[in-house]
Amino acid sequence: MRITSHGLSVSPPPGWDAAIYLRPAGPGEVTRPVLHAATVPLPTGRGDYGSGLVETLSATDVFVALLDFGPEAAGTALFAPDAMPGLTPDMYRPKALQRIIAGQAGVQRFFTASGRGFCLYSVVGSYAARQALCARANQVLGSLQVAAGSGGGG
Amino acid sequence: MVAIDVVVLVAVALLGFLVVGLLRSNAELTRALHSLGVDLDPDSPTGAGAVPVAIQARPTPARPDATAVPDLAGVSPSGDAVGIAVTGVRHDTLVAFLTSGCSTCRAIWGVLEQGIPEVPGGARLVVVTRGSEAESPAAVAGLAGPHVPVVMSTDVWTGYDVPYAPYFVYVSGPAGRVVGEGTAATWEAMCAMVANAVADGTTNPLAPPDPPARPNIDQRWSKAGADAEREQRIDRELAAAGILPGDPRLRPTAITHPGPVGTGGADR
């Protein structure tokens, strides 16, 4: 299956849930598209960085988030890489998590694609099994397509 | 006078045959329904008005094989893209096909609006409606509430060959197939229907639910477990040799052939 919205498109492998959403903007607020993909069900009410979801990851599960920071961020120092990085197992660190969870590991990278700044964040359920789980994350990223234009709301 | 008596007798006899025939037909219908598991007794727990149809996978033109189970890809009522896998996963999924217009669906919507109801077998509940060309997203959002994921997609509706609404399809994720489907007018009737399928063992529990993540890799994934064990053994041996993480000897700039043991070869 392939899902497309807000200038993002992804074909998650079999067994993956995926969503591309845009939070409703409050007064004076600008929201940007977020893509989530995981080997576990995506719960309603989860955070952009997977809070409420990463707690459910088992040792064989993977979570991938792609957060759009808009054209303003594109090309700035933090977002200097001009292509989405492929993930390698050694990028995953037990402390690179929004909230440390024993056994898990995460990775965060920033880049620019199609004139939009992005943050890529991924969590694997088992640091020990990061080799295999990283390959699964790359399966999702390999199917990702980004169109120009932010699609931000607000 | 005699002629009138004869006519009356004949009429009574004919009416008698008619009544006997009707009673016999009724008895046959009751027996047939009973054999299908339908209880028409108004005092029964389910009641005669909410009789679920026995849940069984049915071959359909669009889905002739029980393993032809499309994933649920579409949009949410708020317009976001959603893709939900129902096969190749460790859990079962109960897909509820509903419409915003059918009066029978109202009772189901009412339950979903309260929260996530309990589903026999612990299956994940997902609602599917037709796409926005056939359903009002605002109406669906108002009916569904915030608790249960909703996928709006006419393609999914067509792919499952849904005959009417409400309609329920129970998919075993580990087995990757539909194990039962049918209709029910109330949530309780649907639960009874699904419970039968679960009790029959049709939901293939090939993989038990995963335990929470632990520092040590779980034993269920033997290959990764073997990798972790090997990794730990190598770490122990290196540490015993005085080689710790970050040691430059782990990343030699050149590879030389080792000398004989005990000669102090420069290969470490």
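Predicted model, so just to flag it, every value in this text is computed and none were measured. (Residues numbered from 1 in each chain as written. Chains lettered and ligands numbered in written order. Predicted model: local features only at pLDDT ≥ 70, side-chain atom pairs only at ≥ 80, totals over all residues.)

1. Thoughts on the overall build of chain A
Convention followed: Numbered from the N terminus, helices here are DSSP runs of H or I no shorter than four residues, and strands are runs of E no shorter than two. Exposed residues have 12 or fewer other C-beta atoms within 10 Å of their own C-beta, buried residues have 20 or more, and partly exposed residues fall in between, where C-beta atoms are placed from the backbone. What counts as a contact is two residues whose backbone-derived C-beta atoms lie within 7 Å of each other.
The helix and strand tally for chain A stands at one helix and eight strands. Each helix and strand of chain A, ordered N terminal to C terminal, gives the series β-β-β-β-β-β-β-α-β. In chain A, which comprises 154 residues, the proportion classed as buried is 44%. Intrachain contacts of chain A at a sequence separation of at least 6 include 62% that bridge at least 24 residues.

2. Focus on the overall build of chain B
Looking only at helices and strands, one finds six helices and seven strands in chain B. For chain B, the succession of helices and strands along the chain, N to C, is α-β-β-β-α-β-α-β-α-β-β-α-α. Put simply, chain B has 268 residues, and 31% of those count as buried. Once local pairs closer than 6 in sequence are excluded, the contacts in chain B between residues at least 24 apart make up 65%.

3. Focus: the confidence of the model for chain A
For clarity, the threshold we go by: One number per residue, pLDDT, summarises how confident the predictor is, and it ranges from 0 to 100.
Per-residue confidence for chain A gives a mean pLDDT of 92, with 97% of residues at or over 70. Element-level pLDDT for chain A is lowest in strand β8 (residues 145-146) of chain A, with a mean of 93, against a maximum mean of 97 in strand β4 (residues 34-38) of chain A.

4. What about the pairing of strand β5 (residues 62-70) of chain A?
For clarity, the threshold we go by: Following DSSP output, two strands are said to pair if at least two bridges run between them.
In this sheet, β5(A) lies alongside β4(A) in antiparallel orientation, the contact comprising five bridges. Residue pairing in the sheet places A37(A) in a bridge with V64(A) of β5(A).

5. Re the sheet that holds strand β2 (residues 8-10) of chain A
All names here are of chain A. In space, the three strands of this open sheet follow the order β1-β2-β8, with antiparallel pairing throughout. Edge strands, defined here as strands with exactly one partner in the open sheet, are β1 (3-5) and β8. Bridge count between β1 and β2: three bridges; the pairing is antiparallel. The residue of β2 that forms the bridge with I3 is V10.

6. Considering the environment of A184(B)
Within the secondary structure layout, A184(B) lies in the loop between β7 (177-182) and α5 (187-199). With 19 residues separating them in the primary sequence, A184(B) and A165(B) have C-alpha atoms 9.2 Å apart.

7. Section: unusual backbone geometry
Following A165(B), the chain continues to P166(B) via a peptide bond in cis, the omega torsion being 0 degrees. In this fold, P166(B) is placed in the loop between α4 (154-159) and β6 (167-172). Notably, S114(A) is not glycine yet its phi reads approximately 50 degrees, a positive angle. On the basis of neighbour counts, which here come to 15 C-beta atoms within 10 Å, the residue S114(A) falls in the partly exposed class.

8. Concerning the environment of E113(B)
Residues and elements named next belong to chain B. Among the structural elements, E113 can be located in helix α2 (residues 103-114). Taking C-alpha positions, E113 is 5.4 Å from A144, a pair spaced 31 residues apart along the chain. Non-local contacts of E113, meaning those with residues more than four positions away in its chain, are made with L143, A144 and G145.

9. What to know about the confidence of the model for chain B
Residue and element names in this part refer to chain B. Considering every residue of chain B, the mean pLDDT works out to 75; 66% of them sit at 70 or more. Looking over chain B, one finds the lowest element-wise mean pLDDT in helix α6 (residues 222-240), namely 65, and the highest in strand β2 (residues 81-84), namely 96. Note that residues 257-268 has pLDDT below 50 and, in this model, eight contacts with residues that lie over four places away or in other chains. In the predicted complex, the global pTM is 0.69; the interface-specific ipTM is 0.89.

10. Some words on the nonpolar core
Worth spelling out the cut-off: Only buried residues count toward a nonpolar core: Ala, Val, Leu, Ile, Met, Phe, Trp, Tyr and Cys, linked into one set through C-beta atoms within 7 Å.
Of all hydrophobic cores here, the largest spans 92 residues; its most connected members are F63(A), L72(B), V95(B), F97(B), V128(B), V151(B) and Y170(B). Excluding anything up to four places from it in sequence, V95(B) contacts L72(B), V86(B), V126(B), V128(B), V169(B) and V171(B).

11. Quick word on α2(B)
All names here are of chain B. For clarity, the cut-off: This arc is taken over the directions from the axis of the helix to the C-beta atoms.
Along α2, the positions that sit buried rather than exposed are C105, I108, W109 and L112. Down the axis of α2, the smallest arc covering the buried residues is 105 degrees, so these residues share one side. Within α2, the exposed residues directed more than 90 degrees away from the buried face are S103 and Q114. At its buried positions, α2 is contacted by β3 (93-97), β4 (124-129), α3 (137-144) and α5. A positive backbone phi angle near 150 degrees is found at G115, which sits one or two residues after α2.

12. Here's the deal with α3(B)
Residues and elements named next belong to chain B. For α3, every residue scored as buried is listed here: V140, L143 and A144. Seen end-on, α3 carries its buried residues on one side only, within an arc spanning 90 degrees. Looking at the residues trailing α3, positive phi occurs at G145, about 75 degrees.

13. Structural notes on the pairing of β7(B)
Residue and element names in this part refer to chain B. For β7, the buried fraction is high: five of the six residues fall into the buried class. Bridging between β6 and β7 involves five bridges; their strand directions are antiparallel. In the sheet register, V171 faces β7, and the bridge partner there is V178. If you look at the hairpin formed by β6 and β7, you'll find four residues sitting between the two strands, and G176 has a positive phi there, around 65 degrees.

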